[in-house]
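# Commentary on secondary and tertiary structure
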Amino acid sequence: MADKYGTVLLFYTGIVILVLLMASGIERYNNRMLSAANQNMENQSGQNVNSEQSNNDQTGQAETGSRNMENQTGTASKNPNTENQTGKASGSQNTENQTGTAGGNPNIDTQLDVHTPRIALTFDDGPSYYTEELLDGLEERGVCASFFLLGRNIEGREDTVKKMYEGGHLIGNHTYSHVKLTSLSTDVACEQVDKTRKLVYKITGYNTLYVRPPYGAWPEEMEYSVTMIPVLWDIDPQDWTTSDVDGIVKKVVSSARDGGIILMHDNYDSSVEAALEIVDQLKKQGYEFVTVDELVYD
Ligand code: NI
């Protein structure tokens, strides 16, 4: 019997010793990992405090930081957001518990500022027979666009221009007869712009402030003669060269970006159809449609 008790005692003593050894091993391992992680976070928080980089860059750093943390501590964080980063940065000081209170990095809050991407839809060469349909479609969708009108197309379509203005769209100037301003004398060039300004003013009581020079050709000396702001573009689906609506939509949607200015023409049926489809698709992606003045002043 004594032997049996002795064996049992030895067996339990063995287990206790084993458990103690394992516990101390795990603790040492954890401490090592935590101190490595702390060091990593300290480096990163130093970067944030000293950095003058944009929010985007900081977000990029946060992502890297979170990924490092995942590797070093085994804490899963599939969605590396700044809340996780805040909790880990301060919580891992002296404790095995990773969840802590928010750390004292004042810059982290700015990383949470999510800006709605904005884009401007602009139409040149109108008004035309198709413009009314476009205005109706935009109104249905609660979207305002910018229209750079040709003076020679306004005559006979005064009601369309009035509807455009009352619908909250921005009316800009595209010269009277679609001329290349850089190949004209300053006087004639100014006359081209002024004629359209007067026509729009007569209908709306509004003086066009923004000009889209045909062919993107804006003579610098014009800036001394007219108080107008030239507006170019950066997304050009060349809608006037094709009637392929899907092709136009794809070109614009695939190159859409925050702050982008889309160039289209409201004197084609296919362009109007494509524009409305573009609005639907980009709105689904979270874009807000604005008029160009909102992009220029921000
Ligand atoms: Ni044009």
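Note that the structure is a prediction, hence the values are computed from the model and not measured. (Residues numbered from 1 in each chain as written. Predicted model: local features only at pLDDT ≥ 70, side-chain atom pairs only at ≥ 80, totals over all residues. Heavy atoms only, no water.)

## Side note on the pairing of strand β2 (residues 146–149)
For the record, the criterion: Relative accessibility thresholds used throughout: buried, under 20% of the residue-type maximum; exposed, over 50%; partly exposed, between the two (1.4 Å probe, protein chains only). Only DSSP runs of H or I with at least four residues qualify as helices, and only runs of E with at least two residues qualify as strands; both kinds are numbered from the N terminus onward. DSSP bridges decide pairing: two strands pair if at least two such bridges lie between them.
Neither face of β2 is exposed, since Ser146 and Phe148 on one face and Phe147 and Leu149 on the opposite face are all buried. For strand β1 (residues 118–124) and β2, the ladder comprises three bridges, and the chain directions are parallel. The residue of β2 that forms the bridge with Asp124 is Phe148. Pairing geometry for β2 and strand β3 (residues 170–173), over four bridges, is parallel. The residue of β3 that forms the bridge with Ser146 is Leu170.

## So, the coordination of the nickel ion
Here is the rule we go by: Note on donors: an N, O or S atom is included if it sits within 2.8 Å of the metal, or within 3.2 Å for Na, K and Ca, and water is never included, so sites can look incomplete.
Summarising the metal site, the nickel ion is bound by the protein donors Asp125 (OD), His174 (NE2) and His178 (NE2), whose distances to it range over 2.1 to 2.2 Å. Expressed as a motif, the donor residue spacing for the nickel ion is D-x48-H-x3-H. Highlighted residues: Asp125 in the loop between β1 and α4 (131–141) and His174 in the loop between β3 and α7 (186–204), separated in sequence by 49 residues. The pair Asp125 / His174 is uniform in exposure class, with both members buried.

## A closer look at the packing of α4 against helix α10 (residues 269–284)
How we decide: Here an axis means a line fitted to C-alpha atoms, over the contact stretch when the element is a helix, while the angle between two N-to-C directions is reported on a 0 to 180 degree scale. In what follows, roughly perpendicular refers to angles from 65 to 115 degrees, roughly parallel to angles under 35, roughly antiparallel to angles over 145, and oblique to any angle outside these ranges. The contact rule is simple, with two residues in contact once any of their heavy atoms fall within 4.5 Å. Polar here means any residue outside two lists: the nonpolar Ala, Val, Leu, Ile, Met, Phe, Trp, Tyr, Cys and Pro, and the charged Asp, Glu, Lys and Arg; Gly therefore counts as polar.
Axis separation between α4 and α10 bottoms out at 10 Å; the angle between their running directions is 10°. Relative to α10, the element α4 lies roughly parallel. Only Asp269, Val272, Ala275, Leu276, Val279, Asp280 and Lys283 of α10 make contact with α4, whose side of the interface consists of Glu133, Leu134, Gly137, Leu138 and Arg141. Looking at side-chain class alone, the contact of α4 with α10 contains six nonpolar, one polar and five charged residues.

## Describing the side chain of His174
Stated precisely, the cut-off is as follows: Throughout this description, a polar contact denotes any pair of N or O atoms lying within 3.5 Å of each other; where both atoms belong to protein, one of them has to be capable of donating a hydrogen while the other can accept it, and for residues adjacent in sequence the pair is counted only when both atoms sit in side chains.
His174 sits in the buried class, given a relative accessible area of 2%. A polar side-chain atom of His174 sits 2.9 Å from a polar atom in the side chain of Asp125. Separated by 3.1 Å, the side chains of His174 and His178 make a polar contact. Once residues within four sequence positions are removed from consideration, His174 is found in contact with Asp124, Asp125, Phe148, Leu149, Leu150, Arg212, Pro213 and Pro214.

## So, the pattern of salt bridges
We count it as follows: Note on definitions: salt bridges are taken to be side-chain nitrogens of Lys or Arg within 4 Å of carboxyl oxygens of Asp or Glu.
Applying the stated criterion across every chain yields a total of nine salt bridges. Residues Lys163 and Glu132 are paired through a salt bridge, measuring 3.0 Å at the closest nitrogen-oxygen approach. With Lys163 in helix α6 (residues 158–166) and Glu132 in helix α4, this residue pair connects regions lying 31 residues apart in the sequence. The residue Arg141 makes a salt bridge to Asp280 at a minimum N-O spacing of 2.8 Å. Of this pair, Arg141 sits in helix α4 while Asp280 sits in helix α10, and the two are 139 residues apart along the sequence. In this structure, a network of salt bridges that share partners links the residues Glu132, Asp136 and Lys163.

## Details of the confidence of the model for the protein chain
Worth spelling out the cut-off: pLDDT measures the predictor's confidence residue by residue and takes values from 0 up to 100.
Put simply, the protein chain has an average pLDDT of 76, and 61% of its residues get 70 or more. Low pLDDT, under 50, characterises residues 29–104; the stretch is placed with 81 contacts to residues that sit more than four places away or in other chains.

## Notes on the layout of surface pockets
Selection rule: Here a cavity is any set of points on a 1 Å grid over the protein atoms alone where a 1.4 Å probe fits but cannot get out, and a pocket is any open set with protein on both sides within 12 Å along at least 5 of 7 lines; a residue lines the site when it has an atom within 4 Å of a point. Grid points are joined across faces, edges and corners, and a volume is the space filled by probe spheres set on the points.
Approximately 210 Å³ is the volume found for the largest pocket. Lining the largest pocket are 14 residues, and of these Asp125, His178, Tyr215, Trp240 and His265 sit closest to its centre. A breakdown of the residues in the lining of the largest pocket according to their chemical character gives six nonpolar, four polar and four charged.

## What about the environment of Ser183?
Within the element layout of this structure, Ser183 appears in the loop between β3 and α7. We classify Ser183 as exposed; its relative accessible area is 56%. Counting along the chain gives 36 residues from Ser183 to Pro219, while the straight-line C-alpha distance between them is 8.7 Å.

## Some points on α6
Where we set the bar: To be clear, the arc concerns the directions from the helix axis to the C-beta atoms.
Within α6 the residues assigned to the buried category are Thr160, Val161 and Met164. The buried side chains of α6 occupy one side of the element, clustering within an arc of 100° when seen end-on. When the buried face of α6 is taken as reference, the exposed residues oriented beyond 90 degrees from it are Asp159 and Glu166. Positive phi shows up at Gly168, right after α6, with a value of about 90°.

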